[in-house]
Amino acid sequence: MYDLIIIGAGPGGIFTAYELIEKRPELKIAVFEMGNKLDERKCPIDGDKVKSCIHCANCSIMSGFGGAGAFSDGKYNITNDFGGTLHSYIGKKTALELMEYVDKINLAFGGEGTKLYSTTGSDIKKRCLQSGLHLLDASVRHLGTDKNFIVLSRLYDHLKDKVEFHFNSPIQKVEKIADGFRVYNGEDSYETQNCVISVGRSGSKWMEKVCKDLGIGTKSNRVDIGVRVELPAEIFAHLTDELYESKIVFRTSKYEDLVRTFCMNPRGEVVNENTNGIVTVNGHSYEDPAKQTNNTNFALLVAKHFSEPFKDSNGYGESIAKLSNMLGGGVIVQRFGDLIRGRRSNEERISESFTVPTLNAAAGDLSLVLPKRILDGIIEMIYALDKIAPGTANDDTLLYGVEVKFYNMEVELDKNLMSCHKGLYVIGDGSGITHSLSHASASGVYVARQIAEK
Ligand SMILES: Cc1cc2nc3c(=O)[nH]c(=O)nc-3n(C[C@H](O)[C@H](O)[C@H](O)COP(=O)(O)OP(=O)(O)OC[C@H]3O[C@@H](n4cnc5c(N)ncnc54)[C@H](O)[C@@H]3O)c2cc1C
């Protein structure tokens, strides 16, 4: 009988384990993770022998110690304005305090010396407003992919003798028993008084099943659909040098839809992402100048939420991503100039582009994939961004599609992030409440403190 079993070793799971060990070192804790140890996580795409996603049983980008965040840019946004709605459960003040606490731990485990960017007092806000763009307030700690990896390695070294880690150990089932829960991994089962489920986006389908099995309520969440934009770093340098990441929201004049920038990676790389076998696009960048590229990338996303009679927002996003996978074998890339001229990009046009792509994607036509309303909104925003960052609407700006940000169904939880079953907590992106490293990590610290006090 364990005191706590944590399912999933992403930021949510790691920070639950970390905080509980700090507060109650005598407790018996196990972590079950379906992916590999951090140093055994390797995406087979090498750009040479393996050029595109080969659909590994466990995607090393999304699974393993460090979770989906392990090879990410390590941008910890300290804000209640985006990244999740944790504050609506635990209060804005507590949420910010926990994010700041997580930041301190990251610094202590190898992130010292990294820069904290802030929108406070920035003149960029005014320039955005003059062009109908709205810059959201945040402080951003940019660890960078390389430092993020070091922080995770050190956290693992710190935890590995205090917590029992089971890698390559997916949990298939969670069962309620008289004095706690029983979890199943293949033929084996383990019992625990408390269980924290932190399975992220890769565990979204499984999480739905667990909720169904245990009678836990859920409600449908939104899905964000769009493209990843890649352009020469100089075009956005005045924004990224000052803010690193600028979250900008724009209301389109045509449909009054909100389009927003997301996950900005100065001098970064565009990468594939595999969620439940569907290949979409993402991006990251390194803190180490030697690993940086000449390009900056960011996503432009439009949120869609379906409720009645069709509720499956994620299913809608998946169908669009599948369409791009069908036409391009994976991610499609198109020059902005080709898109607005109504023609597909081909390999020749991409190879002649002054913006050199950092991801080897199939040249194609995004207008055959994205619904008109979404595409119109993205084009309108590109022209709006061109006013604060001239050059954004250049012909050679590259658009990769599709970028889909799936959100898990929102699990019905109380203010302690506990389900209707006493001792069963659901945290991080798997709960549908958080969508970011900082919020997921903070939710882990929060439940660890609840368990420690019991
Ligand atoms: C390429 C990329 C870049 C990103 N960049 C940023 C960024 O810069 N800033 C930011 O804030 N966010 C970023 N994100 C999002 C961020 O990584 C997530 O918000 C965060 O990792 C969520 O943490 P989590 O612990 O909730 O879930 P995850 O990190 O997804 O971890 C969940 C873990 O659970 C495991 N799991 C799933 N099902 C089971 C099961 N049944 N049994 C056992 N284990 C299971 C998975 O293998 C996974 O390791 C990025 C994501 C990607 C993919």
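The text that follows walks through the structure, step by step, so that each part is easy to find. (Residues numbered from 1 in each chain as written. Predicted model: local features only at pLDDT ≥ 70, side-chain atom pairs only at ≥ 80, totals over all residues.)

Regarding the site of the ligand
Okay, step 1: Around the ligand sit 46 residues, and of these Gly8, Gly10, Gly67, Gly200 and Gly428 come closest.
Okay, step 2: Those elements that provide at least two residues to the shell around the ligand are α1 (11-23), β3 (75-78), β15 (269-275), β16 (278-284) and α12 (437-453).
Okay, step 3: Residues that form the shell around the ligand fall into these classes: 16 nonpolar, 24 polar and 6 charged. (Near = placed C-beta within 6 Å. Helix = DSSP H or I, 4+ residues; strand = E, 2+ residues; numbered from the N terminus. Nonpolar A, V, L, I, M, F, W, Y, C, P; charged D, E, K, R; others polar.)

Concerning the packing of helix α3 (residues 92-111) against helix α5 (residues 144-159)
Okay, step 1: Across the interface, α3 lies against α5 with an axial gap of 8 Å and an inter-helix angle of 95 degrees. For the element pair α3 / α5, the angle class is roughly perpendicular. Together, Asn106, Phe109, Gly110 and Gly111 of α3 and Lys147, Ile150, Val151, Arg154 and Leu155 of α5 make up the contact between the two elements.
Okay, step 2: Considered class by class, the residues forming the contact of α3 with α5 number 4 nonpolar, 3 polar and 2 charged. (Axes fitted to C-alpha atoms, helices over the stretch in contact; angles between N-to-C directions. Parallel < 35°, antiparallel > 145°, perpendicular 65-115°, else oblique. Contact = placed C-beta atoms within 7 Å.)

Describing the sheet that holds strand β20 (residues 398-406)
Strand pairing in a sheet relies on backbone hydrogen bonds. The paired strands run either parallel or antiparallel.
Okay, step 1: With mixed pairing, the 8 strands of this open sheet are ordered in space as β5-β13-β14-β17-β12-β20-β18-β19. Because the sheet does not close on itself, it has two edges, and the strands there are β5 (133-135) and β19 (362-363).
Okay, step 2: Of the pairings in the sheet, the one linking β5 to strand β13 (residues 248-251) comprises 3 bridges and is antiparallel in character. Within the sheet, the bridge partner assigned to Leu135 lies in β13 and is Ile248.
Okay, step 3: Packing against the sheet, helix α8 (residues 313-328) makes contact with β12 (223-232), β17 (295-304), β18 (332-335), β19 and β20, and its axis sits at approximately 150 degrees to β20. (Pairing = 2+ DSSP bridges.)

Here we look at the sheet that holds β3
Okay, step 1: Read from one edge of the open sheet, 3 strands run β3-β6-β4, paired in antiparallel fashion. The sheet is open, and its two borders are formed by β3 and β4 (116-118), each paired with just one other strand. Across the sheet, the mean angle separating the axes of adjacent strands is 25 degrees when strand polarity is ignored.
Okay, step 2: By the bridge criterion, 4 bridges tie β3 to strand β6 (residues 139-142) in an arrangement that is antiparallel. Pairing of Asn77 across the sheet is with Val140, part of β6.

Let's talk about the pairing of β13
Okay, step 1: Where burial is concerned, the two faces of β13 differ: the one with Ile248 and Phe250 is buried and the one with Val249 and Arg251 is not.
Okay, step 2: Inspection of the sheet shows β13 paired to strand β14 (residues 258-265) by 3 bridges, in the antiparallel sense. When the sheet's bridge partners are listed, Phe250 is paired in β14 with Val259. (Buried ≥ 20, exposed ≤ 12 C-beta atoms within 10 Å, placed from the backbone.)

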